[in-house]
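Commentary on secondary and tertiary structure
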Amino acid sequence: MAGPPRGAVIGVIRSTREVGVEATESIGAGARAVVKSAAEVGGDLGSAARSAVEGSIAGAKEAGLRAEDAASAAASGAIKGAGEVSATAGEQVRRAVTGVIFGVKVVVKEPFRSEERKER
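Residues numbered from 1 in each chain as written. Predicted model: local features only at pLDDT ≥ 70, side-chain atom pairs only at ≥ 80, totals over all residues. Heavy atoms only, no water.

Quick look at the overall build of the protein chain
Put simply, the test is: Runs of H or I in DSSP of at least four residues are treated as helices and runs of E of at least two as strands, each being numbered from the N terminus. Only protein chains enter the accessibility calculation, which uses a 1.4 Å probe. A residue is then buried if its area is under 20% of the maximum for its type, exposed if over 50%, and partly exposed in between. Two residues form a contact once any of their heavy atoms are found within 4.5 Å. Using a 1.4 Å probe, the Shrake-Rupley method yields the accessible areas, and only the shown protein chains count as cover for residues.
A tally of regular secondary structure across the protein chain gives six helices and two strands. Counting across all 120 residues of the protein chain, residues that qualify as buried make up 44%. Sequence-distant contacts in the protein chain: of pairs separated by 6 or more residues, those separated by 24 or more amount to 66%. When the accessible surface of the protein chain is summed, it comes to about 6500 Å², and 53% of that surface belongs to carbon and sulfur atoms.

What about the nonpolar core?
Definition in use: In plain words, nonpolar cores are sets of buried Ala, Val, Leu, Ile, Met, Phe, Trp, Tyr and Cys residues tied together by side-chain atoms within 4.5 Å.
Core analysis: the largest hydrophobic core is formed by 29 residues, its most contacted members being V35, V53, I57 and V93. Elements with a minimum of two residues in this core: α2 (21–40), α3 (45–63), α4 (67–85), α5 (87–97) and β2 (104–106). Sequence-distant contacts of I57, defined by excluding residues within four places in its chain, comprise A67, A71, I101, F102 and V104.

A word on the environment of E54
Topologically, E54 is positioned in helix α3. Between the C-alpha atom of E54 and that of I101, which follows or precedes it by 47 residues, the distance is 6.8 Å.

Concerning the packing of α4 against α5
Using the following cut-off: What counts as an axis is a line fitted to C-alpha atoms, over the stretch in contact for a helix, and the angles between N-to-C directions run from 0 to 180 degrees. Under this scheme an angle from 65 to 115 degrees is roughly perpendicular, one under 35 degrees roughly parallel, and one over 145 degrees roughly antiparallel; angles in between are oblique. Handedness of a crossing follows from how the near helix is turned relative to the far one, being left-handed for an anticlockwise turn of less than a right angle and right-handed for a clockwise one.
One way to put it is that α4 packs onto α5 with a least axis distance of 7 Å and a crossing angle of 160°. By the criterion of interaxial angle, the relationship of α4 to α5 is roughly antiparallel. For the crossing formed where α4 meets α5, the hand is right-handed. Between α4, through A75, A78, I79, A82, G83 and V85, and α5, the contact on the second element is made entirely by A89, G90, V93, R94 and V97.

Encoded structure:
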């Protein structure tokens, strides 16, 4: 089912004219916004995040991007957005977007781990 989160991320990809790093940054930002919006209305963050990853995969295929890169960017963005809500939300979203989604193995890139180390 293509719900609003999935459609939102597909829209981000369609509107992004750049390819490569810029496109994946846009996908991550879109997924982050989807999760934060779901949190504001009391939605299921795990479902919103998973739908955002599904949308990134579908949109990437349409745009000729690597589905793995788009899925990774969406998952990382969703986790970052959820982490801004709470640590519990971050873990819930991490579980929801880990594994294989739509036949694509989702690998979460964690630049925020280095940010945690800097705070110590």
